[in-house]
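The residues making up each chain are set out below.
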Amino acid sequence: MKKDKKMDLQTRKLNFIQDFLKLESEKAISHLEKLLIKETKSVSELKPMTMKEFQKRIDQSTEDSKNNRLTENDELISEIEKWS
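Throughout this document, residue positions are counted from 1 along each chain, in the order its sequence is written. Only residues with pLDDT of at least 70 are given local features in this predicted model, and only at 80 or more are side-chain atom pairs given and counted; all residues enter the totals for whole chains, interfaces and linings. Note that water and hydrogens are dropped before the side-chain values are worked out from all heavy atoms of the structure.

Peer 1: In this structure, what is going on with a nonpolar patch on the surface? I would like to understand it.
Peer 2: Among the surface-exposed residues, Leu14, Phe16, Ile17 and Leu21 lie close enough to one another that they form a single nonpolar patch of about 400 Å² accessible area. Numbering of helices and strands runs from the N terminus; a helix is a DSSP stretch of H or I covering at least four residues, while a strand is a stretch of E covering at least two. If you trace the backbone, Phe16 turns up in helix H1 (residues 9–22). Relative accessible area decides the class of each residue, using a 1.4 Å probe on protein chains only: under 20% of the type maximum gives buried, over 50% gives exposed, and in between gives partly exposed. Given a relative accessible area of 35%, Phe16 falls into the partly exposed group. Put simply, a patch holds well-exposed residues, over 30% relative accessible area, that have no salt bridge, with like charges counted together within 9 Å and Val, Leu, Ile, Met, Phe, Trp or Tyr side chains within 5 Å. Accessible surface area values rest on a Shrake-Rupley calculation with a 1.4 Å probe, where residue burial reflects the displayed protein chains alone. Counted as salt bridges are all cases of a side-chain nitrogen of Lys or Arg within 4 Å of a carboxyl oxygen of Asp or Glu.

Peer 1: What am I meant to see in the environment of Leu70 here?
Peer 2: Relative to the helices and strands, Leu70 is located in the loop between helix H3 (51–66) and helix H4 (73–81). Judged by relative accessible area, which is 52%, Leu70 ranks as exposed. Apart from residues lying up to four places away in sequence, Leu70 is in contact with Asp64 and Ser65. Any pair of residues with heavy atoms lying within 4.5 Å of one another is described as a contacting pair.

Peer 1: How do you make sense of the packing of aromatic side chains when you look at a structure like this?
Peer 2: Given two aromatic rings, one states the distance between the centres and the angle between the planes to describe the pair. Classification of ring pairs rests on two measures: the distance between centres of Phe, Tyr or Trp rings, Trp counted by its six-membered ring, which must be within 6.5 Å, and the angle between planes, read as stacked under 30 degrees, edge-to-face over 60 and tilted in between. Evaluated as defined, the whole model comprises one aromatic pair. Ring geometry for Phe16 and Phe20: centres 6.4 Å apart, planes at 20°, overall stacked. With Phe16 and Phe20 both in helix H1 and four residues apart, the pair spans about one turn of that helix.

So, to be careful, I would describe these as geometric facts and stop short of saying anything about function.
Structure representation (structure tokens):
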């Protein structure tokens with residue numbers, strides 16, 4: 001499956017479905033099912049934050065930065081790679 005930035009979302013979905021239908025691996029299908037469940041669950045749990053919550057996050061982030069409570073980019077990428 002080739003990801004083209006110029007492709008719209010609907011076209012990408014259709015291409016994904018076509019590629020999915022060609023799959024013969026039970027393991028690959030199970031993996032994609034789990035990923036879909038995880039993604040749809042996390043999307044349904046999202047809710048917009050209030051302006052007060054947003055401002056509080058900004059203030060906390062500014063405070064963390066001033067007090068050197070930061071995670072380096074490389075360290076964060078290494079941690080994310082362990083998630084899957």
